[in-house]
Amino acid sequence: MSLDSLYQDVILDHYKKPRNVGKIDNYDVGMELANPTCGDVIGIHLKLDDEGKVADAKFHGHGCSISQSSASMLTVKVKGKKVEEARQLIADFYEMMKGSEGDYSKLGELQALQGVAKYPVRIKCATLAWKALEQGLDKKEGVNDGESQ
Amino acid sequence: MFDVAKIKRDFPVLQQEINGKPVAYLDSAASSQLPRQVMEAMSRYYETSHANVHRGVHTLAERATSAYEEAREKTARFINAPLPQNIIFTRGTTEALNLVAYAYGLHKLQAGDGVIVTLLDHHSNLVPWQQIAKLRNANLYMVELTDEGLLNMDQFRSYLKQGNIKVVAVTHASNVMGTITPIKDIIRDAHQAGAVVVVDAAQSAPHMKIDVQELDADFLAVSGHKMLGPTGIGFLYGKGKLLDSMEPFQMGGSMIGLVNYFESNWAEVPARFEAGTPNIVGAVGLAAGIDYLTALGMEQVEQHERQLLAYAWDRLSQVEGIALYGPREPRTGLIAFNVDDTHPHDVSTVLDAEGVAVRAGHHCAQPLHKWLHTAATNRASFYIYNDQQDIDRLVSALQRVKEMFGYVAR
Ligand SMILES: Cc1ncc(COP(=O)(O)O)c(C=O)c1O
Ligand SMILES: [Zn+2]
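So, a few notes on the structure that sits alongside this text.

## Examining the sheet that holds strand β2 (residues 40-48) of chain A
Residue and element names in this part refer to chain A. Taken in spatial order, the 3 strands of this open sheet run β1-β2-β3, and their pairing is antiparallel. Edge positions in the sheet fall to β1 (29-35) and β3 (54-62), since each of these pairs with one other strand and no more. Mean inter-strand twist for the sheet, computed between neighbouring axes without regard to direction, equals 10°. Where β2 and β3 come together, 8 bridges link them in antiparallel fashion. Within the sheet, the bridge partner assigned to Lys47 lies in β3 and is Asp56. Taken strand by strand, helix α3 (residues 65-78) contacts β2 and β3, and its axis lies near 170° from that of β3.

## A few points about the nonpolar core
Core analysis: the largest hydrophobic core is formed by 83 residues, its most contacted members being Ile79(B), Phe89(B), Ile116(B), Val168(B), Leu220(B), Ile384(B) and Tyr385(B). Examining the composition of this core, we find that 10 residues originate from one element, helix α10 (residues 280-296) of chain B, more than from any other. Residue contributions to this core reach at least three from each of two domains, namely domain 1 (4-26 + 297-404) and domain 2 (39-294) of chain B. In this view, Phe89(B) contacts Tyr68(B), Ala71(B), Arg72(B), Thr75(B), Ile233(B), Gly234(B), Phe235(B), Glu274(B), Ala283(B) and Leu286(B); residues no more than four positions away in its chain are not counted. If you look at the next biggest cluster of nonpolar residues, it comprises 74 residues, including Val54(A), Met73(A), Leu137(A) and Phe382(B).

## A few points about the site of ligand 1
Residues and elements named next belong to chain B. Looking at ligand 1, the residues that line it are Thr93, Thr94, His122, Ser124, Asn175, Asp200, Ala202, Gln203, Ser223, His225 and Lys226. Note that an oxygen atom of ligand 1 is positioned 2.5 Å from one of the side-chain N or O atoms of Thr94. Here an oxygen atom of ligand 1 sits 3.3 Å away from a polar atom, N or O, in the side chain of His122. Isolated, ligand 1 exposes 390 Å² of accessible area, and the fraction of that covered by the protein chains is 85%. Across the shell around ligand 1, the residue classes break down as 1 nonpolar, 8 polar and 2 charged.

## Some thoughts on the packing of aromatic side chains
Counted by the stated rule, this structure contains 12 aromatic pairs over all chains. Measuring from ring centre to ring centre gives 4.5 Å for Phe93(A) and Trp130(A), while their planes differ by 15°; the resulting arrangement is stacked. Placement of Phe93(A) in helix α4 (residues 83-97) and of Trp130(A) in helix α5 (residues 123-141) is noted, with a sequence separation of 37 residues between them. Pair check on accessibility: Phe93(A) and Trp130(A) agree, each one buried. Following the ring pairs from residue to residue traces out a cluster consisting of Phe11(B), Tyr292(B), Tyr383(B) and Tyr385(B). Looking at Lys131(A), its charged tip hangs above the ring of Tyr94(A), at a distance of 5.4 Å from the centre.

Cut-offs used in this document
Residues numbered from 1 in each chain as written. Chains lettered and ligands numbered in written order. Predicted model: local features only at pLDDT ≥ 70, side-chain atom pairs only at ≥ 80, totals over all residues. Heavy atoms only, no water. Pairing = 2+ DSSP bridges. Helix = DSSP H or I, 4+ residues; strand = E, 2+ residues; numbered from the N terminus. Axes fitted to C-alpha atoms, helices over the stretch in contact; angles between N-to-C directions. Contact = heavy atoms within 4.5 Å. Core = buried A, V, L, I, M, F, W, Y, C linked by side-chain atoms within 4.5 Å. Buried < 20%, exposed > 50% of the residue type's maximum accessible area, 1.4 Å probe, protein only. Domains from an automatic or database assignment. Near = heavy atom within 4 Å. Polar contact = N/O pair within 3.5 Å; in protein donor to acceptor, adjacent residues only side chain to side chain. Areas by Shrake-Rupley, 256 points an atom, 1.4 Å probe, with all protein chains shown as cover. Nonpolar A, V, L, I, M, F, W, Y, C, P; charged D, E, K, R; others polar. Phe/Tyr/Trp six-rings, centres within 6.5 Å; stacked < 30°, edge-to-face > 60°. Lys NZ or Arg CZ within 6 Å of the ring centre and 35° of its normal.

Take a look at the structure:
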């Protein structure tokens, strides 16, 4: 496993020029999570439109390149998606992080994070934003009191 | 002469390649590696002498008991404790410090009493006292640092003057800043104020000569896995009259005198504080590690690390965009640093790909990192098997980090 396959250009690009940084006042979905082992912090905010689609998505926080680029790509990816579609993306992303074989083309540029699956200690960095999104959606929909898997 | 190449050959784990490169192990402050001699002592124990201790009269029980008690004697000699009974085997520093907090602090502290902790303390010497202070309505006082990263001794002395301080919990060598604290002065001043001193020696005992009688320490905690031993073994040194006056920490087998239906009394020290079957092979391994260090000579170990530290400080200082934390002196053989604004996790992943092992994170010292205004740091630490080449490898791997991440402006 070479370093270049972990730190692909897409990842470094999102890390150095993160997209959709910030907070949304009156967000519909919001959750902030920390990764206690390495101190990564990610907050995800979504604004939904009348049809329940993601009208705007932003993230805030700090941490390593994997956690920050994953959050940045997440916000780009979920814009315009329905909540069910967002949940499917979360499920696909977790599957990819388990290292399972499969077709992840629907994840688009997020496939660049596939290499993280080979670095067990960094998987939590990559999934942090997705856990925040998942728990934010759960809270909004009253599932499980916001507990994640 | 201190022959690092020869020493290195005693460490099988250092003979391998990691990611196609020979391993430069710079994480001994987290856990040191084990020389062959320690592993052999442990398997010899299992092959010839294993049984439960203090319980049987058969030959193997006898051998196991003497192996365990010999380990206690060696440990006592290593820190110049007056008697083997001053040594209580524990899982490590954390358990030793919790033992003091619960078996001493919980019983002796009263409402309004004071406990002094310091910003250099590892969570294991801080959080137990937070908890005991809460349970006893005692007050906690935090000694902060000077700009250079030394303990603020004026603040320390002003706390002592309050007259209510009963316990001072202090680290001998910081696992982040590297700072060696003026432990002798601290102990003398604390004693004058009527307080006992709990010394966390996890980062000092592996690297320098410790003499508990000369220091006049009341309690001192050490982990075996940071001084060539296996994990799961460490020890607490305590003064005899303090240990004798203490209630047990855990209850069960081996620590009792007479057990009746509704109450029991306690065994003598140290058995009183070693409930249940102990980590016998761990104690054997710890003692073998002590033998190895003693054969090298602790003065020579310290000298070797000082040379490496000077070299590393010099080389690292020249890396553009690097921040080194803590004072240049007095310092033990570790350096925490950050490069540009690159997150320590990214730094250590890149270093690992180059075969260089360092630690990244908050190193169980969150209040200190808050004070440093950084969430995490990288830490390179040195031990007997490290040489200048390991440091050269670190420095050139940092260039690789800079190539990948260096120009991030945040
Ligand atoms: C200064 C210091 N104190 C305490 C500890 C805790 O030691 P252990 O985890 O072996 O109990 C460590 C090591 O992690 C340390 O560096
Ligand atoms: Zn991370």
